[in-house]
Amino acid sequence: ITPRSNRLVSDQLRQLEEMRQQLEALRNENRELKLQTGGELSADQDEKVLQEFLVKLRAVLEMRSEGRFEQQLFDEYNGGLVQLSDEHLRE
């Protein structure tokens, strides 16, 4: 492997990572737009909303067990709660 080929591979890996980040940002934007307009989420998107909510729930439970209150964290939790599907709310 030559220094030039190493550079090419490195550049390609960097570009691939940038493209992956752009794709993830577009997926998140698409999900947010669907949530705002009442559109149906795919099963994968719905699962991601649930997983993000569970992270927020854990953080709120930790906050409460430590006897503290952070308004921003609580607002994020509430925002995640309203995004849950009816199916996930029943769980």
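Here the structure is a predicted model, which means the values were calculated and not measured.

Basis of the calculations
- Numbering of residues begins from 1 in every chain and follows the order in which that chain's sequence is written.
- Since the coordinates come from a predicted model, pLDDT governs what is reported: local features require at least 70, and pairs of side-chain atoms require 80 or more to be given and counted, while whole-chain, interface and lining totals use all residues.
- Hydrogens and waters are ignored; side-chain quantities use all the structure's heavy atoms.
- For the purposes of this entry, the term helix denotes a DSSP run of H or I that reaches at least four residues, the term strand denotes a run of E that reaches at least two, and both are numbered from the N terminus.
- Every radius of gyration here is taken over C-alpha atoms, with the globule rule written as 2.2 Å times N^0.38, N being the number of residues.
- Exposure is judged per residue with a 1.4 Å probe applied to protein chains only, and the accessible area is read against the type maximum: over 50% gives exposed, under 20% gives buried, and values in between give partly exposed.
- By definition in these notes, contact holds between two residues if any of their heavy atoms fall within 4.5 Å.
- Each residue carries a pLDDT value, the predictor's own confidence for that position, ranging from 0 to 100.
- Here, expected helix span is obtained from the residue count minus one, scaled by 1.5 Å.
- Each reported salt bridge corresponds to a side-chain nitrogen of Lys or Arg within 4 Å of a carboxyl oxygen of Asp or Glu.
- Candidates for patches are residues over 30% relative accessible area with no salt bridge; among them, like charges are joined within 9 Å and nonpolar side chains (Val, Leu, Ile, Met, Phe, Trp, Tyr) within 5 Å.
- Under the convention used here, a 1.4 Å probe and the Shrake-Rupley method define accessible areas, while residue burial counts only the protein chains that appear.
- Counted as positive: Lys and Arg. Counted as negative: Asp and Glu, with His and the chain ends omitted from the count.
- The location of each charge is read from NZ of Lys, CZ of Arg, CG of Asp or CD of Glu.

Moving on to the overall build of the protein chain. Secondary structure summary: the protein chain contains four helices and zero strands in total. If you list the helices and strands of the protein chain from N to C, you get α-α-α-α. In terms of overall dimensions, the protein chain is more spread out than a globule: its C-alpha atoms have a radius of gyration of 19 Å, far above the 12 Å expected for 91 residues. Reported as C-alpha extents along the three principal axes, the dimensions of the protein chain are approximately 55 × 35 × 20 Å. Expressed as a percentage of its 91 residues, the buried residues of the protein chain come to 16%. Sequence separation of at least 24 residues holds for 41% of the intrachain contacts in the protein chain that already meet a minimum separation of 6.

With that out of the way, let us pick up the environment of M63. Tracing the chain through its elements places M63 in helix α2 (residues 43-65). Between the C-alpha atom of M63 and that of F74, which follows or precedes it by 11 residues, the distance is 9.4 Å. Leaving out residues up to four positions away in the same chain, M63 has contacts with R68, F69, E70 and L73.

So, about the confidence of the model for the protein chain. Considering every residue of the protein chain, the mean pLDDT works out to 84; 98% of them sit at 70 or more. Highest mean pLDDT in the protein chain belongs to α2 (89); lowest belongs to helix α4 (residues 86-90) (76).

On to α2. An α-helical turn contains 3.6 residues, so any two residues separated by three or four positions project in the same direction. When the terminal C-alpha atoms of α2 are compared, their 33 Å separation across 23 residues agrees well with the 33 Å that a helix rising 1.5 Å per residue should span. Once α2 ends, the next one or two residues include G67, with phi positive near 75 degrees.

Let us look at the pattern of salt bridges. Going through the model one piece at a time under the given rule, you end up with five salt bridges. E17 is paired through a salt bridge with R20; the nearest N and O atoms lie 2.6 Å apart. Taken together, the residues span about one helical turn, with E17 and R20 both in helix α1 (residues 3-37) at a distance of three residues. Since its relative accessible area comes to 44%, R20 is described here as partly exposed. The network of salt bridges with common partners includes E66, R68 and E70.

On the surface, D44, E47, E87 and E91 cluster together to form a negatively charged patch. Position of E87 among the secondary structure elements: in helix α4.

What follows deals with the side chain of D46. Mapped onto the elements, D46 comes out in helix α2. On the basis of relative accessibility, which here comes to 15%, the residue D46 falls in the buried class. With near-sequence residues (within four places) excluded, D46 lies in contact with L41, S85 and H88.

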